[in-house]
Amino acid sequence: MSERLSSKKMKSSADLSLGADLADSENHDSDIDSAIFQLEMVHIELDKLNDKENDEILTIEQKYKKLRQHYYNKRGEIIETIPDFWSTVFTSHPSICHILYEDEEDCLRHLLKLEVECAENIKSGYSIKLFFNENPYFKNDVLIKEFFYKQGHLSSASTKIEWKKPHPFTGSKESSSKNARKRTHSTQQTFFGWFANNEDASSDIIAEIIKDDIWVNSLHYYLVPDPDMEGNNDKDDSSDSSSSDYEEEELFEVSQAQEKASGQRSGDASANNNKRKNNEDHKRRV
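A brief structural summary.

Thresholds applied
- Residues numbered from 1 in each chain as written.
- Predicted model: local features only at pLDDT ≥ 70, side-chain atom pairs only at ≥ 80, totals over all residues.
- Heavy atoms only, no water.
- Phe/Tyr/Trp six-rings, centres within 6.5 Å; stacked < 30°, edge-to-face > 60°.
- Helix = DSSP H or I, 4+ residues; strand = E, 2+ residues; numbered from the N terminus.
- Buried < 20%, exposed > 50% of the residue type's maximum accessible area, 1.4 Å probe, protein only.
- Salt bridge = Lys/Arg side-chain N within 4 Å of Asp/Glu carboxyl O.
- Core = buried A, V, L, I, M, F, W, Y, C linked by side-chain atoms within 4.5 Å.
- Contact = heavy atoms within 4.5 Å.
- Polar contact = N/O pair within 3.5 Å; in protein donor to acceptor, adjacent residues only side chain to side chain.

Aromatic rings in a pair are described by how distant their centres are and how their planes are angled relative to each other. Taken as a whole and judged by the stated rule, the model has 12 aromatic pairs. Arranged with centres 4.8 Å apart and planes meeting at 40°, the rings of Y72 and W215 form a pair that is tilted. Linking Y72 in helix 1 (residues 2–79) with W215 in the loop between helix 5 (205–214) and helix 6 (218–223), this pair joins segments that are 143 residues apart in sequence. Centre to centre, the rings of W194 and F195 are 6.1 Å apart; their planes meet at 70°, and the pair counts as edge-to-face. When its relative accessible area of 1% is taken as the criterion, W194 is described as buried. These aromatic residues form a ring-pair network of at least three members: F90, F132, F138, W163, F191, F192, W194 and F195.

This structure, assessed with the given rule, holds eight salt bridges. Here D106 and R109 are joined by a salt bridge, their closest N and O atoms 3.7 Å apart. Of the residues examined, D106 reaches a relative accessible area of 28% and is grouped as partly exposed. Through salt bridges with shared partners, one network takes in E208, K211 and D212.

Another point: the nonpolar core. Core analysis: the largest hydrophobic core is formed by 35 residues, its most contacted members being I128, F191 and I210. Listed by contribution, the elements that provide at least two residues to this core are helix 2 (85–92), helix 3 (102–108), strand 1 (111–118), strand 2 (125–132), strand 3 (142–150), helix 4 (191–196) and helix 5. In terms of residue count, the dominant contributor to this core is helix 5 (five residues). Non-local contacts of F191, meaning those with residues more than four positions away in its chain, are made with F90, I96, I99, L100, E104, L108, L130 and I210.

Across the 10 residues that make up helix 5, a large majority, seven, are buried. Looking at helix 5, one finds that the buried residues are I206, A207, I209, I210, K211, D213 and I214. For helix 5, the elements touching its buried residues are helix 2, strand 1, strand 2, strand 3, helix 4 and helix 6. For helix 5, the N-terminal capping position is held by D204, with its side-chain oxygen 3.4 Å away from the main-chain nitrogen of I206.

Below is the structure:
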């Protein structure tokens, strides 16, 4: 009987322990749920604050966009008085110059004006406008490439170029006809090939360069030296340096030869003097 009582006590103790563990587990889960709920509330407040920040930033960006536009208009009027301004800017840019054919460079000499316009909601897209005067390449007086969001993805569309004659510009360089090239090209893309290509707007590096660098820093690229001229100057400097080194080496060799000849003459003169002295001594002994 005592064994039965002992067994009942042990069972009762185990049940109590299990019940306590379950209670602790439930309390622990409840604490975690409460902590997660509090975290969610904090993140909701953070999201509200971020949305407010974005709205205020957008308002500020729109304000300064309008203020900058006044100076961009003034800059444009001045640029129109400078011949070949935009063609010089494009051919001087280290990334753009490598995708230009010679004929494309000539075509860009007819570029009167470049404009980059952002949408009213700056984050909604932008457009690149190229204004041309009469030229032998195409009939369009303005070419526009627009970037916009469609179903959450950045897309683009560009003006169809009305070419006046067969052109090698709208494909890759490998598929184009053989045309004279001014530069060593590191890419197969051409400038007008870029303009006509709307396959992957989100990876359009050329458009980003025009929007964020060329449009903003046009004067800088107008003033920098032509990359080809820099290369030629480097070659000239290298050639001058090589020529100078060669001349110095040649002068050194001539100097060495003169010293050697002088030494030989001195040696010959000394030998002749010794010979004469020996002859005189021999005559005196005889």
